[in-house]
Amino acid sequence: MRKLMFAGLVAATLVGAAGASSAQPVVVERYGRWEPAWGAAPPPPLHSWRHWRGHEGDWYGHVHNCMVRYHGYDPHRDMYREGRRWVMCHD
């Protein structure tokens, strides 16, 4: 019985490994295109930000523009620092 279980386990492992090696990575560009040279990809826009509903494909471009234009930009808030206050980023 142990030999049969071991043989089944080996077969399942080989099938799983073969399937994983032939799988192509799936690239979902729901929020636009993010270049790795720009740094770590920002989080998606919050659901409560109604402006981005239906325009999710422009999010990464917006974040990159704000990062370049305003050095204190925070993509988690979609705001940048101006002195002591936070200001919405509109590109």
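Residues numbered from 1 in each chain as written. Predicted model: local features only at pLDDT ≥ 70, side-chain atom pairs only at ≥ 80, totals over all residues. Heavy atoms only, no water.

Some details on the overall build of the protein chain
When helices and strands are tallied, the protein chain shows 2 helices and 3 strands. The N-to-C order of helical and strand elements in the protein chain reads α-α-β-β-β. Here the protein chain, with 91 residues, has 23% of them falling under the buried criterion. When the accessible surface of the protein chain is summed, it comes to about 7,300 Å², and 60% of that surface belongs to carbon and sulfur atoms. (Helix = DSSP H or I, 4+ residues; strand = E, 2+ residues; numbered from the N terminus. Buried < 20%, exposed > 50% of the residue type's maximum accessible area, 1.4 Å probe, protein only. Areas by Shrake-Rupley, 256 points an atom, 1.4 Å probe, with all protein chains shown as cover.)

Details of the state of the cysteines
Per the stated rule, a full pass over the model turns up 1 disulfide. Residue pairing for Cys66: its cysteine sulfur links by disulfide to Cys89, the two sulfurs lying 1.8 Å apart. Every disulfide takes its handedness from the sign of the S-S torsion; for Cys66 and Cys89 that torsion is -95°, giving left-handed. In this pair, Cys66 sits in helix α2 (residues 59-69) while Cys89 sits in the segment after β3 (85-88), placing the two residues 23 residues apart along the sequence. Accessibility expressed as a relative area gives 0% for Cys66, which makes it buried. (Disulfide = S-S within 2.5 Å.)

Brief notes about the layout of surface pockets
When its volume is computed, the largest pocket comes out at roughly 190 Å³. Looking at the largest pocket, the residues that line it are Trp49, His51, Trp52, Asp58, His62, Asp78, Met88, Cys89, His90 and Asp91. Its residues assigned to classes, the lining of the largest pocket comprises 4 nonpolar, 3 polar and 3 charged. (1 Å grid on protein atoms, 1.4 Å probe; cavity = no way out; pocket = protein on both sides within 12 Å on 5 of 7 lines; lining within 4 Å. Points joined across faces, edges and corners; volume = space filled by probe spheres on them. Nonpolar A, V, L, I, M, F, W, Y, C, P; charged D, E, K, R; others polar.)

Some points on the sheet that holds strand β2 (residues 79-82)
Sheet architecture is open: 3 strands sit in the order β1-β2-β3, paired in antiparallel fashion. The open sheet has two free edges, formed respectively by β1 (73-74) and β3, since each of these has just one partner strand. Sheet topology note: the β1/β2 ladder contains 2 bridges and is antiparallel. Its bridge partner lying in β2, Tyr73 is registered against Tyr80. (Pairing = 2+ DSSP bridges.)

Quick look at the pairing of β3
Pairing between β2 and β3: 4 bridges, direction antiparallel. Across the sheet, Glu82 pairs through a bridge with Arg85, a residue of β3. In this structure, the hairpin formed by β2 and β3 is closed by a connection of 2 residues, where Gly83 is found at a positive phi of approximately 70°.

What to know about the side chain of His62
Within the fold, His62 resides in helix α2. Since its relative accessible area comes to 4%, His62 is described here as buried. Here His62 is in contact with Trp52, Tyr73, Asp78, Cys89 and Asp91, once residues within four sequence places are set aside. (Contact = heavy atoms within 4.5 Å.)

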